[in-house]
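One letter stands for each residue in the lines below.
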There are 2 protein chains.
Amino acid sequence: MNRPFHYETVDLSPEELRTEHEVFGGLAQEVRELAEACIRTTVPTEVATEVRDEVARLTARLRESMIPGSFGVNLTSDGAVRGHGNAVVGLRNPLAVPLQIQRSDEGRAWADFELNALYEGPPTMVHGGVVALILDQVFGEAAAAGGTPGMTGTLTLRYRKNTPLGRCSAEAWIDRHEGVKTYVHGVLRDAEGTETVEGEGIFILPRWAREASEGKPVRFE
Amino acid sequence: MNRPFHYETVDLSPEELRTEHEVFGGLAQEVRELAEACIRTTVPTEVATEVRDEVARLTARLRESMIPGSFGVNLTSDGAVRGHGNAVVGLRNPLAVPLQIQRSDEGRAWADFELNALYEGPPTMVHGGVVALILDQVFGEAAAAGGTPGMTGTLTLRYRKNTPLGRCSAEAWIDRHEGVKTYVHGVLRDAEGTETVEGEGIFILPRWAREASEGKPVRFE
């Protein structure tokens, strides 16, 4: 089996998994809050300069020991997937909201989440590209939930209305399969439940991954 | 003129603009580096816990004085646009790469940039949604550069190959206009210059903004 990139098998004890969530997940959450404060702060220059220099010192401490490159995806020996570096759902990734996506076996995925100043495009509105970032992940997880995970082949989104920053939700479902292609539809809704963006994605599973997954639903740890 | 959301006019002296870049832009850059280290660090739990608590203290300092809500878009009294909170190009936004987009008057926009572990989807690869996030902004700036800025109406992307993390570039250009719609095409390229994703966007200018901009190219500060 020719895997084009690296999936590492890493088993964590329940205690280690709890630490990963509380300490490293907690660290990422604090950095998300720091990041949002960077946009909105109006503290005096001297304070911002001190904070800037303190942040650099903290980064140096974390860099004392690091994996090379990027997080990748960890697999557990019983076949679960741990994507803690992922840009949308990653527990350890301060850019990630992170979305906590729910899934059902028939190929449906959904999430409720809050988008703050970090995700702004037009004033007070969610950036159109952030909508695409989130829907790509939710569409892909619907495909995976139905036992046909894949890489994004095509993504088409229609923006019907602006989406105000604040509470939002996303939902996606498998529409049909054609050979190796899984067609997914989905929507973004604002805090009122109004559909603001809708569209579809085509997800295609590489041959090596088809052979490895044997059509089993993907389990996330 | 009925503006659906807030654009504030804020004039900064050259000295204040320099401070904004060095101090607040510098702070955002340090937080980007801290965020990337969060994903890759393997320091002991005790160190990560200390860093987590230090980050919370720094956030509290920045929060001593903040604007409410989100950054929005500042306009200068001579008509330039300052989008320092923007999720893709914002100087103050640690989620933003930030892209430094170049533009030409005939409606072309392009940028070279580096994507690290923060932007990962499949192991070692750029997240498909991150590609969409970036292209939405570059497509929109091509429309704006040609004097027809707009909100994203439709975004369609075709993913031809995986895009490895590392150096990338994006380019977009106005294909045509149809009434209030501007059709933009564009591509993402990997470090080798290979096109990995291509697609198009339709950008539509709200009436109030058409009246305000009078077809002038948008200048960014």
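In what follows, the structure referred to is the one given above.
A. Representation of the nonpolar core within the structure. With 102 residues, the main nonpolar core has Phe 113 of chain A together with Phe 113 of chain B as its most contacted residues. The contacts of Phe 113 of chain A, once residues within four sequence positions are left out, are Val 97, Leu 99, Ile 134, Gly 166, Arg 167, Cys 168, Ser 169, Ala 170 and Leu 188 of chain A.

B. Layout of the interface of chain B and chain A. Taken together, the contacts link 82 residues of chain B with 82 residues of chain A. In this assembly, chain B packs against chain A so that about 7700 Å² is buried in total across both faces, 65% of it on carbon and sulfur atoms. One can count four salt bridges joining chain B with chain A. The residue Glu 33 of chain B makes a salt bridge to Arg 63 of chain A at a minimum N-O spacing of 3.1 Å. Where chain B meets chain A, there are 42 residue pairs in polar contact (both at pLDDT 80 or more). Elements supplying a minimum of two residues to the side of chain B that touches chain A: α1 (14–40), α2 (45–62), α3 (128–145) and β6 (151–159) of chain B. Top contributing element to the side of chain B that touches chain A by residue count: α1 of chain B, with 16 residues.

C. Main features of the packing of aromatic side chains. Taken as a whole and assessed by the stated rule, the structure comprises zero aromatic pairs over all chains. One cation-aromatic arrangement involves Arg 176 of chain A over Tyr 183 of chain A; the distance from NZ or CZ to the ring centre is 3.8 Å. Positioned over the ring face of Phe 24 of chain B is Arg 92 of chain B, at 4.3 Å from the centre of the ring.

D. Inspection of the sheet that holds strand β2 (residues 73–75) of chain B at higher detail. Residue and element names in this part refer to chain B. Strands sit in the order β1-β2-β3 across an open sheet of three strands; the sheet is mixed. What marks the edges here is a single partner per strand, and that holds for β1 (7–9) and β3 (81–82). Strand direction decides the pairing type here: β1 and β2, joined by three bridges, are parallel. By the bridge assignment, Glu 8 is partnered in β2 with Asn 74.

E. Structural view of the pairing of strand β7 (residues 166–178) of chain B. All names here are of chain B. Sheet topology places strand β5 (residues 108–115) next to β7; eight bridges connect them, and they run antiparallel. The residue bridging Asp 112 from the neighbouring strand is Ser 169, located in β7. As consecutive antiparallel partners, β7 and strand β8 (residues 181–189) are separated by two residues, and within that stretch Gly 179 has a phi angle of approximately 60°, a positive value.

Rules used throughout
- Residue indices begin from 1 for each chain and proceed along its sequence in written order.
- To read the labels, note that chains go from A and ligands from 1, taken in the order they are written.
- Per-residue local features of the predicted model are confined to residues with pLDDT of at least 70, and side-chain atom pairs are confined, for both listing and counting, to 80 or more; whole-chain, interface and lining totals are unaffected and use all residues.
- The basis for every side-chain value is the complete set of heavy atoms in the structure, and neither hydrogens nor water enter the calculation.
- By nonpolar core we mean a set of buried residues, namely Ala, Val, Leu, Ile, Met, Phe, Trp, Tyr and Cys, connected to one another through side-chain atoms within 4.5 Å.
- The buried label applies to any residue whose accessible area, calculated with a 1.4 Å probe on protein chains only, is under 20% of its type's maximum; exposed applies above 50%, and partly exposed to all values in between.
- Whether two residues are in contact is decided by their heavy atoms: any pair within 4.5 Å suffices.
- Note: buried area is the sum, over both parts, of the accessible area (probe 1.4 Å) each one loses when the two are combined.
- Put simply, a salt bridge is a Lys or Arg side-chain nitrogen that is within 4 Å of an Asp or Glu carboxyl oxygen.
- Polar contact criterion, stated in full: a pair of N or O atoms within 3.5 Å, where within protein one must be able to donate a hydrogen and the other to accept it, and residues adjacent in sequence count only if both atoms are side-chain atoms.
- Secondary structure elements are taken from DSSP: a helix is a run of H or I of four residues or more, a strand is a run of E of two residues or more, and numbering for both begins at the N terminus.
- Each aromatic pair joins two rings of Phe, Tyr and Trp (for Trp, the six-membered one) with centres within 6.5 Å, and gets the label stacked for planes under 30 degrees apart, edge-to-face for over 60, and tilted for any other angle.
- Whether a charge sits over a ring comes down to the Lys NZ or Arg CZ being within 6 Å of the ring centre and within 35 degrees of the ring normal.
- One bridge is not enough; two strands pair if DSSP finds at least two bridges between them.

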